[in-house]
Amino acid sequence: MNRFSALLREQNIEALKQQAASGDSKAQFDLGMMYAKGEGVPKDQTQAAAWYRKAAEQGDPRGQLCLGGTYYYGLGVPQDHMQAAEWYLKAAVRGEREAQRLLGNLHYRGDGVPRDYAQAAAWYCHAAAQGDHGAQCRLGDLHYFGRGVPQDYVHALLWFRKAVEQGNLTAQLSLGYLYSTGRGVPQDYAEAYFWFEIAHVSSKQILQADPLQFLMGFRVDVPIACRHETVDLTSMEDRDIAASNLTPADLSCVQERVRKWFEDHP
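This text gives an overview of the structure that appears in the document. (Residues numbered from 1 in each chain as written. Predicted model: local features only at pLDDT ≥ 70, side-chain atom pairs only at ≥ 80, totals over all residues. Heavy atoms only, no water.)

### A word on the packing of helix 2 (residues 25–37) against helix 3 (residues 45–57)
And step 1. Axis separation between helix 2 and helix 3 bottoms out at 8 Å; the angle between their running directions is 160 degrees. Looking at the two axes, helix 2 sits roughly antiparallel to helix 3. Note on packing geometry: the crossing formed by helix 2 with helix 3 is left-handed. On the side of helix 2, the interface is formed by Ser-25, Gln-28, Phe-29, Leu-31, Gly-32, Met-33, Tyr-35 and Ala-36, while helix 3 contributes Gln-45, Gln-47, Ala-48, Trp-51, Tyr-52, Lys-54 and Ala-55.
And step 2. Residue classes in the contact of helix 2 with helix 3 are distributed as 9 nonpolar, 5 polar and 1 charged. (Axes fitted to C-alpha atoms, helices over the stretch in contact; angles between N-to-C directions. Helix = DSSP H or I, 4+ residues; strand = E, 2+ residues; numbered from the N terminus. Parallel < 35°, antiparallel > 145°, perpendicular 65-115°, else oblique. Left-handed = near helix turned anticlockwise from the far one by under 90°. Contact = heavy atoms within 4.5 Å. Nonpolar A, V, L, I, M, F, W, Y, C, P; charged D, E, K, R; others polar.)

As structure tokens, this is what we get:
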């Protein structure tokens, strides 16, 4: 960045600060994000939380969502999951889909709120209706186990398919389990292998591209329609079991489908 560009950026930041100080909730939220990321200003989680709060108290759902996150993780404020739930709720009722999913997660785990699968399902439904694939995958999970909703493998399959259409890795793995066990669909080892392999290759790609994201997003507390509540998505055991039930010709056909799938989903 040359000196002129840096000067323009400084002027823009000063203008943003003035707008935020005058009560502009959008500017307050934007300034909070800048402090949280250290973009244009020194990274300062306490300042980020303070500006999120100003935006949140004016009813800005993004500010409410982010303030909930600061309380959940203890960033710039004392960690307090009950406070996180309260701010997520404020954002969720204003239609913030990420807050709806996160509030569903809290109810699912009994984290900061009483465990309540029905409430989790209700909030996941709101987020899923807005296209949140994480919530769609969780709804599939709830239907699979019959938690907060009637157990229904067909509905589980439908929600996993919606999530898969958006590239949700855990939903890919869940579809593999449904096909391998014949729950909600006729047992089909070729289809099971297809989804297990898609999930396996996807997980390796994510691990190589961003190990921290992989560890935080896919290997920790991932409820999924399988025999364990937490799973290692890099495991090839279930894929190999499905493969053992296929002829070499069938396996070759499925592997070609996998190759084409990744061509169509770069």
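### Focus on the packing of helix 2 against helix 4 (residues 61–73)
And step 1. Running from N to C, helix 2 and helix 4 cross one another at 30 degrees; their axes reach a closest spacing of 9 Å. Regarding helix 2 and helix 4, the two cross each other, and that crossing is left-handed. Residues Lys-26, Phe-29, Asp-30 and Met-33 of helix 2 touch helix 4, and the partners they reach there are Arg-62, Gly-63 and Cys-66.

### Comments concerning the packing of aromatic side chains
And step 1. All chains considered together, the criterion is met by 9 aromatic pairs.
And step 2. Relative to Tyr-153, the ring of Tyr-144 lies with its centre 5.2 Å away and its plane at 50 degrees, an arrangement referred to as tilted.
And step 3. On the accessibility criterion, Tyr-144 (6% relative accessible area) is buried.
And step 4. An aromatic cluster is present here, built from Phe-194, Trp-195, Trp-261 and Phe-262 joined pairwise through their rings.
And step 5. A cation sits over an aromatic face here: Lys-54 above Trp-51, 5.7 Å from the ring centre.
And step 6. Across the ring face of Trp-159, the terminal group of Lys-162 is positioned such that the distance to the ring centre comes to 5.9 Å. (Phe/Tyr/Trp six-rings, centres within 6.5 Å; stacked < 30°, edge-to-face > 60°. Buried < 20%, exposed > 50% of the residue type's maximum accessible area, 1.4 Å probe, protein only. Lys NZ or Arg CZ within 6 Å of the ring centre and 35° of its normal.)

### Side note on the nonpolar core
As a rule of thumb, soluble globular proteins bury nonpolar side chains together.
And step 1. Counting residues in each nonpolar core, the largest one holds 34 residues, and the members touching the most others are Tyr-52 and Tyr-88.
And step 2. Of all elements in the fold, only helix 1 (3–21), helix 2, helix 3, helix 4, helix 5 (81–93) and helix 6 (97–109) reach the threshold of two or more residues within this core. (Core = buried A, V, L, I, M, F, W, Y, C linked by side-chain atoms within 4.5 Å.)

### Details of helix 8 (residues 133–145)
And step 1. The end-to-end C-alpha distance of helix 8, which contains 13 residues, comes to 19 Å, matching closely the 18 Å that a straight helix rising 1.5 Å per residue would cover.
And step 2. With respect to burial, helix 8 is a largely interior element, 11 of its 13 residues being buried.
And step 3. Among the residues making up helix 8, those that are buried are Gly-134, Ala-135, Gln-136, Cys-137, Arg-138, Leu-139, Gly-140, Asp-141, Leu-142, His-143 and Tyr-144.
And step 4. Where helix 8 is buried, its residues meet helix 6, helix 7 (117–129), helix 9 (153–164) and helix 10 (169–181).
And step 5. The N-terminus of helix 8 is capped by Asp-132, whose side-chain oxygen sits 3.0 Å from the backbone nitrogen of Gly-134.
And step 6. Downstream of helix 8 by one or two residues, Gly-146 has phi in the positive range, about 70 degrees. (Expected span 1.5 Å × (residues − 1). Polar contact = N/O pair within 3.5 Å; in protein donor to acceptor, adjacent residues only side chain to side chain.)

### Description of the side chain of Arg-239
And step 1. Mapping Arg-239 onto the fold places it in helix 13 (residues 237–244).
And step 2. A distance of 3.0 Å separates the side chain of Arg-239 from the side chain of Asp-240, its partner in a polar contact.
And step 3. Contact partners of Arg-239, with chain neighbours within four places excluded, come to Tyr-193, Phe-196, Glu-197 and His-200.

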